Amino acid sequence: MDPLLAKIRRLNEIGVALSAEKDTPRLLERILVGAKELTGADGGTLYSVGPDDRLHFEILHNDSLGIAQGGTSGTPVALPPIPLHTPEGAPNTRMVAAYAVLRDATVNIPDAYAEKGFDFSGTREFDRRTGYRSRSFLTVPLKDHEGEIIGALQLINARAAGGAVVPFSREDQHLTESLASQAAAAVTKQRLITGLKELFESFVRAMAVAIDEKSPYTAGHCRRVAELALMLADAACEADSGSLRDFRLTEEERVELEMAAWLHDCGKVTVPEHVIDKATKLQGVFDRIHLVDARIEILKREAEIRFLRRRIAALEKGRAPGDDGDERRLAAELRELEDDRRFLHACNDGREFLPDADRDRLRRVARRCWTGPGGVPQPLLADDEVENLSIRRGTLNERERRLINNHVTATLKILETLPYPRHLRRIPEIAGGHHERVDGKGYPRGLKGEEMSVQARIMAVADIFEALTARDRPYKKGKSLEEALGILAAMKDEGHIDPEIFEVFVRSGVHRRYAERHLAAGDGGPSSPGPAAPG
């Protein structure tokens, strides 16, 4: 085959390989290795233009000296960047690579030592130290689709068939320029893909932070759920038995799970802040228990006024106040009112279960009357206050509970409107499944375990465990590690969470590693004794 035709065919093969390469260091290395192969160059350098107005060494190879730095070598290039302009702001056209970039021109030099237009003092010093002889140079700028120079490709010492160093031919120059064009396109494509990926992931994290920051009591929730979900997913990938024995995640699928975890609560943007932040049963814009306190104080004053009026009436009739039991009755009434006030505060807390006996007492207390504006008798508690204080567990009434639960439906609606690339298309299913149950009794879709992806089942466990152990919730104390594991074990037995995911969670030690990072000592964090694994 004609040598030129063979080189053109090889150029095409290299171009195809460049377009398929997804790893940036490997891509840059392919560019330099391909250029050396096409021209027979002994060495070469690939530069990138940095935001600091300097050329940075990305790859440096020299076959004779056995040098391979940058790229996939794991060894960074031990040379400083080349400034494109002098400290005074003048173009640095004395350096060959800088000249090629600044002038958008190929520079083909037969012999560096004989070249008068450029500064090769650094090259001469390199040769003196290594015993090398740098002779022929070919430097080609890399230009992207918008005409911006993004770097330069420099080859050194073209070798003839017998190994002698010769100048780079016009054929070498044309082939290298063609490769540089394809290389620039490949690098630009890779940068665009990487840039879009980083932008999307940064936006997702920023959105999650904004959602968490909507309430001071859930700050960090999405971040911790994402961290825990990835830890649990990695442990599940190592399972060697059961339905998880074949479960594996690619790097793209890990990113998909992480993004879903960051976004799983995005529907909370639709939930009013006073509902998310509802620390007590009577809290709205403010905690109405203080209004109840004021009414009870009015009842106390009314009792005292009745007592004083009876005393005054007795004095007006010329009777000295006697031991008629009024003082004892007043003291008893004030004690009863104060006891009722403390009882209502306890009901308002929401951290303990409210039994039927307390609900009955609540209704009796609510029927007390105080004198409102205009002298009109008012019940101590309005109907909606009785409703809220009667909540058996937590602080949310049924309407508020529906609003909170609706955040998952809102999450699905928001996420299902987005056009995902192929490797992220399951984000809505994973993010929207964290309140589903394996027995089909969850929400919003009532999916059963076999209808949910493993990632969605992992998300459910991660979300529950983080919520149980969180220290920043206003309506409950964070559970200790042992308490949280006990609750999860019960949820496993009740068909709430996936039993195999739970077993992996416990037996792999994920719960312990998470606790060491996020729980305080005494709650299962550092220096706490480890709990026995629940059955």
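Residues numbered from 1 in each chain as written. Predicted model: local features only at pLDDT ≥ 70, side-chain atom pairs only at ≥ 80, totals over all residues. Heavy atoms only, no water.

By the naming in an unreviewed UniProt entry, the protein is GAF domain-containing protein, taken from Dissulfurirhabdus thermomarina.

(A) Structural detail: the domain arrangement of the protein. Domain parsing of the protein yields domain 1 (3–193), domain 2 (215–275 + 400–519) and domain 3 (288–394). Of note, the centres of domain 2 and domain 3, computed from C-alpha atoms alone, are 46 Å apart. (Domains from an automatic or database assignment.)

(B) Expanded view of the pattern of salt bridges. Within this structure, the stated rule accounts for 47 salt bridges. When the shortest N-O distance is used, the salt bridge between Asp 340 and Arg 361 registers 3.2 Å. Placement of the pair is Asp 340 in helix H10 (residues 326–349) and Arg 361 in helix H11 (residues 356–366), with a sequence separation of 21 residues. The buried category is assigned to Asp 340, whose relative accessible area is 6%. Here Arg 457 and Asp 498 are joined by a salt bridge, their closest N and O atoms 2.8 Å apart. Separated by 41 residues along the polypeptide, Arg 457 in helix H15 (residues 454–469) and Asp 498 in the loop between helix H16 (481–493) and helix H17 (499–507) bring together distant segments of the chain. (Salt bridge = Lys/Arg side-chain N within 4 Å of Asp/Glu carboxyl O. Helix = DSSP H or I, 4+ residues; strand = E, 2+ residues; numbered from the N terminus. Buried < 20%, exposed > 50% of the residue type's maximum accessible area, 1.4 Å probe, protein only.)

(C) Spotlight on the environment of Ile 391. Residue placement: Ile 391 occurs in the loop between helix H12 (383–389) and helix H13 (398–416). Sequence-wise, Ile 391 and Pro 355 are 36 residues apart; in three dimensions their C-alpha atoms are separated by 9.8 Å.

(D) Quick peek at unusual backbone geometry. Here Tyr 443 and Pro 444 are connected by a cis peptide whose omega angle stands at 10°. As for its placement among the helices and strands, Pro 444 is situated in the loop between helix H14 (427–431) and H15. Positive phi values are uncommon outside glycine, yet Asp 53 reaches one of about 65°. You can see Asp 53 is positioned in the loop between strand E1 (41–49) and strand E2 (54–62). Asp 53 gets classed as partly exposed once you look at its relative accessible area, which sits at 34%. With a phi close to 60°, Asn 157 is a non-glycine residue in the positive phi region. For Asn 157, the position within the fold is in strand E7 (residues 149–159).

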